Amino acid sequence: MQITNTILMIRPVAFRMNEETAVNNYFQEELDITNSQINIKAQEEFDAFVTVLRSKGVQVIVVDDIKENDTPDSIFPNNWVSFHENGTVAVYPMFAENRRRERRQDIFEKLEDNGFVINDIMDYTSAEEEGVFLEGTGSILVNRVDKKAYCALSERADEELFIEFCEDFDCFPVIFTANQSVEGIRKPIYHTNVMMAMAETFAVICLDTIDDKKERKNVIEHLRADGKEIIAISEAQMHSFAGNMLQVIGADEKRYMVMSSAAYDSLDDSQLDAISKHCEIIHSSLETIETCGGGSARCMMAEVFLPKS
């Protein structure tokens, strides 16, 4: 299946602007309040977001972060782990050293306690020793049905390691570079999933970020070949996290496209109508998390595709 009804989310206890990720995450901004106030606001946004998801019948497994670990970005678990239908868990190498502390064995045990089966762990983290990174479903967008994986290369998405992932998980690699304008200079976007979202029957994508025309054409051709309606967003909308969405399954197998309120408000009527033809839209305010963390709704949700015992 392309999408799931079960999501893992990590409730923050020490959320703040992560100075180690800000060097190449140009979405992050500082807030003129204390870190304690930032964390309280992030917790409020997190709890409200979970409530919205559960109200639609989405199964949300919430695990509390560990304060002693001092992991400001733990709220974004999709970067260090992914859970697959064959019972494999993939664990990824992280660019920021303080993000590597987010990886926790007890989270796997919690999933097993919830009836999920883990058959194997595919551990790519040794690549960190070589300064090579691939940050989970932040870097990789998988079309699970058609066995393709899309990746925008960056400091956090290494081409060779991505190809290794594709070989391990039997996916055809679709590789490109996506850039954003930072003080008039085109720089790589840190994660693929802020400029692109993959749903069952459509894809939301900021094509303007793919500067190379051949690469852009290749991405479009692959999406069309797989029967995806392409819903294009602008770079300005991407900066409101309109590319950072995730489709999930709620009660009675109903489909939902999940995004932040900032993303929702940035979209025009034609874009909202295009998405709504495929599924209902739900959104929640994530203003503090987006501003300090440089990530949004999709980053907060680690999809669980593991089989049940």
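This text follows the structure it describes.
Residues numbered from 1 in each chain as written. Predicted model: local features only at pLDDT ≥ 70, side-chain atom pairs only at ≥ 80, totals over all residues. Heavy atoms only, no water.

> How should I be thinking about the nonpolar core in this particular structure?
In terms of nonpolar packing, the biggest core is built from 38 residues, with Met 195 and Ile 275 touching the most fellow members. Of all the secondary-structure elements, those providing two or more residues to this core are strand E7 (148–152), strand E8 (172–176), strand E11 (196–198), strand E12 (202–205), helix H5 (213–225), strand E15 (255–260) and helix H8 (269–276). Sorting elements by how many residues they give to this core places E12 first, with four residues. With near-sequence residues (within four places) excluded, Met 195 lies in contact with Phe 176, Ala 178, Ile 189, Val 204, Ile 205, Cys 206, Thr 209, Ile 210, Met 238 and Gly 243. Counting residues in hydrophobic clusters, the runner-up holds 25 residues, among them Ala 42, Val 50, Phe 76 and Val 258. (Core = buried A, V, L, I, M, F, W, Y, C linked by side-chain atoms within 4.5 Å. Buried < 20%, exposed > 50% of the residue type's maximum accessible area, 1.4 Å probe, protein only. Helix = DSSP H or I, 4+ residues; strand = E, 2+ residues; numbered from the N terminus. Contact = heavy atoms within 4.5 Å.)

> Looking at this structure, how should I read the packing of aromatic side chains?
In this description, a pair of aromatic rings is defined by centroid distance and the angle of the planes. Applying the stated rule across the entire model yields seven aromatic pairs. Ring centres of Tyr 92 and Tyr 124 lie 6.0 Å apart, and the angle between their planes is 20°; on these two criteria the pair is classed as stacked. One end of the pair, Tyr 92, is in the loop between strand E4 (88–91) and helix H2 (105–113); the other, Tyr 124, is in the loop between strand E5 (120–123) and helix H3 (136–139), and 32 residues separate them in sequence. Of the two residues examined, Tyr 92 and Tyr 124, each falls in the buried class. On the basis of an interplanar angle of 85° and a centroid distance of 5.6 Å, the ring pair of Phe 95 and Phe 133 is categorised as edge-to-face. On the criterion of sequence distance, the pair formed by Phe 95 in the loop between E4 and H2 and Phe 133 in the loop between E5 and H3 is long-range, its members being 38 residues apart. An aromatic cluster is defined as three or more aromatic residues linked by ring pairs; in this entry it consists of Tyr 92, Tyr 124, Phe 165 and Phe 169. For Lys 308, the ring lying beneath its charged end belongs to Phe 116, and the centroid distance is 4.5 Å. (Phe/Tyr/Trp six-rings, centres within 6.5 Å; stacked < 30°, edge-to-face > 60°. Lys NZ or Arg CZ within 6 Å of the ring centre and 35° of its normal.)

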